[in-house]
Amino acid sequence: MSAMIKKTYWLTILVLIMGVVLSFIVRSLFGTSFLPRFSITVSILASVILAAIMLIFVFMPLSKRIVGLTIFQEEYNEVNGLLEMRDKELEEKTEMLKRRTEMLVTFNRINKAMMSTFDLNRILDLILDAVQREINFDRVIIFLLEGNTLIPKKCIGMSDLKLERLTVPTLDKNNFIVQTVMDARARIFTEMDVEPLP
């Protein structure tokens, strides 16, 4: 940009010198017979011509630079938008990895506890505590399969009296608890079509 300023500086000096030289030439050619109205017209015409020359030599390259900067700004904005999207994706993936790491740490803690004790009640308490804390459910029930019946052993979020009434025969294929056990995958019920748990 300093080259452009130097060009403008020298062009301005050149225009001033040309104006002075033109004034001397006009005076020497026409002398006293030169009409004042004609001198005003000539000086206005010369100023317009010099201004046009200045515009051509100075502002045309400047406009090219402005167009170049505009294109650069658009590319910068596009790259910046892509980087912001990438940052958002990375934050989401980092958060997901953090949750998974916390879950793996919890599973590892449960696994270590299971290896250190053979007390079924202690192991079930650890599992219930981890599921409620990590998954943040308000009601957690652990069923154990005994023969053809699912028997509730431990729970959080309901009384022991209600827990005893939840024995479910595995032959009832329409029961959502049996379906969950048979499919061997977790389900989240937001609306219950079947009779809700007590």
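Residues numbered from 1 in each chain as written. Predicted model: local features only at pLDDT ≥ 70, side-chain atom pairs only at ≥ 80, totals over all residues. Heavy atoms only, no water.

Trainee: Would you mind going over helix H5 (residues 176-183) in detail, with residue names and values included?
Mentor: Taken together, the buried positions of H5 are occupied by Phe 176, Ile 177 and Val 178. Taken from the residues just after H5, Ala 184 is the one with a positive phi, measuring 55 degrees. (Buried < 20%, exposed > 50% of the residue type's maximum accessible area, 1.4 Å probe, protein only. Helix = DSSP H or I, 4+ residues; strand = E, 2+ residues; numbered from the N terminus.)

Trainee: I'd like a description of the pattern of salt bridges, backed by residues and values.
Mentor: Once their charged atoms are close, side chains differing in charge can pair, the charge on each being opposite to the other. Using the criterion set out here, one finds three salt bridges in the structure. In this structure, the salt-bridge partner of Glu 89 is Arg 86, at a minimum N-O distance of 3.6 Å. Pair noted here: Glu 89 and Arg 86 are both in helix H2 (residues 36-116), with a separation of three residues, about one helical turn. The partly exposed category is assigned to Glu 89, whose relative accessible area is 36%. Judged by relative accessible area, Arg 86 falls into the partly exposed class, the value being 47%. For Asp 125, the salt bridge goes to Lys 154, with nearest N and O atoms at 3.2 Å. Highlighted residues: Asp 125 in helix H3 (residues 120-135) and Lys 154 in strand E2 (residues 149-156), separated in sequence by 29 residues. Owing to a relative accessible area of 36%, Asp 125 belongs among the partly exposed residues under this scheme. (Salt bridge = Lys/Arg side-chain N within 4 Å of Asp/Glu carboxyl O.)

Trainee: Explain a negative patch on the surface to me, and be specific about the residues and the numbers.
Mentor: A surface patch of negative charge is lined by Glu 84, Asp 87, Glu 91 and Glu 92. The residue Glu 91 is located in helix H2 in this model. (Patch = residues over 30% accessible without salt bridge, like charges linked within 9 Å, V, L, I, M, F, W, Y side chains within 5 Å. Areas by Shrake-Rupley, 256 points an atom, 1.4 Å probe, with all protein chains shown as cover. Lys, Arg positive; Asp, Glu negative; His and termini not counted. Charge placed at Lys NZ, Arg CZ, Asp CG, Glu CD.)

Trainee: Give a description of a nonpolar patch on the surface that names residues and reports values.
Mentor: Together, Ile 17, Val 21 and Ile 25 make up a nonpolar patch on the protein surface, roughly 240 Å² of accessible area in all. Here Ile 25 is to be found in helix H1 (residues 2-30).

Trainee: Lay out the sheet that holds strand E1 (residues 140-146) in plain terms, naming residues and giving numbers.
Mentor: One open sheet holds the three strands; their spatial order is E1-E2-E3, and the pairing between them is antiparallel. The outermost strands of the open sheet, each flanked by one partner alone, are E1 and strand E3 (168-169). Pairing between E1 and E2: seven bridges, direction antiparallel. Across the sheet, the residue bridging to Val 140 is Ile 156, located in E2. H3 contacts E1 and E2 of the sheet and is inclined by roughly 65 degrees relative to E2. (Pairing = 2+ DSSP bridges. Contact = heavy atoms within 4.5 Å. Axes fitted to C-alpha atoms, helices over the stretch in contact; angles between N-to-C directions.)

Trainee: Describe the confidence of the model for the chain, listing the residues and the values that go with them.
Mentor: Here the chain averages 76 in pLDDT, and 74% of its residues register 70 or above. Averaged pLDDT values for the elements of the chain fall to 68 in H1 and rise to 84 in E2. (pLDDT = per-residue confidence, 0-100.)

Trainee: So what about the nonpolar core? Which residues, and what values?
Mentor: Most often, soluble globular proteins keep nonpolar side chains buried together rather than apart. In this structure, Ile 141, Phe 143, Leu 150, Cys 155, Met 158, Leu 163, Leu 166, Val 168, Phe 176, Ile 177 and Val 178 together form the largest nonpolar core, which totals eleven residues. Elements that contribute at least two residues to this core include exactly E1, E2 and H5. When residues in this core are grouped by element, the largest group, three residues, is from H5. Filtering out sequence-adjacent residues up to four positions away, Val 168 remains in contact with Phe 143, Asn 148, Thr 149, Leu 150, Asn 175, Ile 177 and Val 178. (Core = buried A, V, L, I, M, F, W, Y, C linked by side-chain atoms within 4.5 Å.)

Trainee: An account of the side chain of Thr 170 is needed here, citing residue identities and associated values.
Mentor: Locating Thr 170 in the fold gives a position in the loop between E3 and H5. Those residues within four positions of Thr 170 in sequence are excluded, and the remaining contacts are Leu 145, Asn 148, Thr 149, Leu 150, Val 178 and Met 182.

Trainee: Tell me about H3, residues and numbers included.
Mentor: Under the 1.5 Å per step criterion, the end-to-end length of H3 is 22 Å for 16 residues, consistent within 8% with the ideal 22 Å. Those residues of H3 lying buried are Ile 123, Leu 124, Leu 126, Leu 128 and Ala 130. Of the residues one or two after H3, Asn 136 is the one with positive phi, at around 65 degrees. (Expected span 1.5 Å × (residues − 1).)

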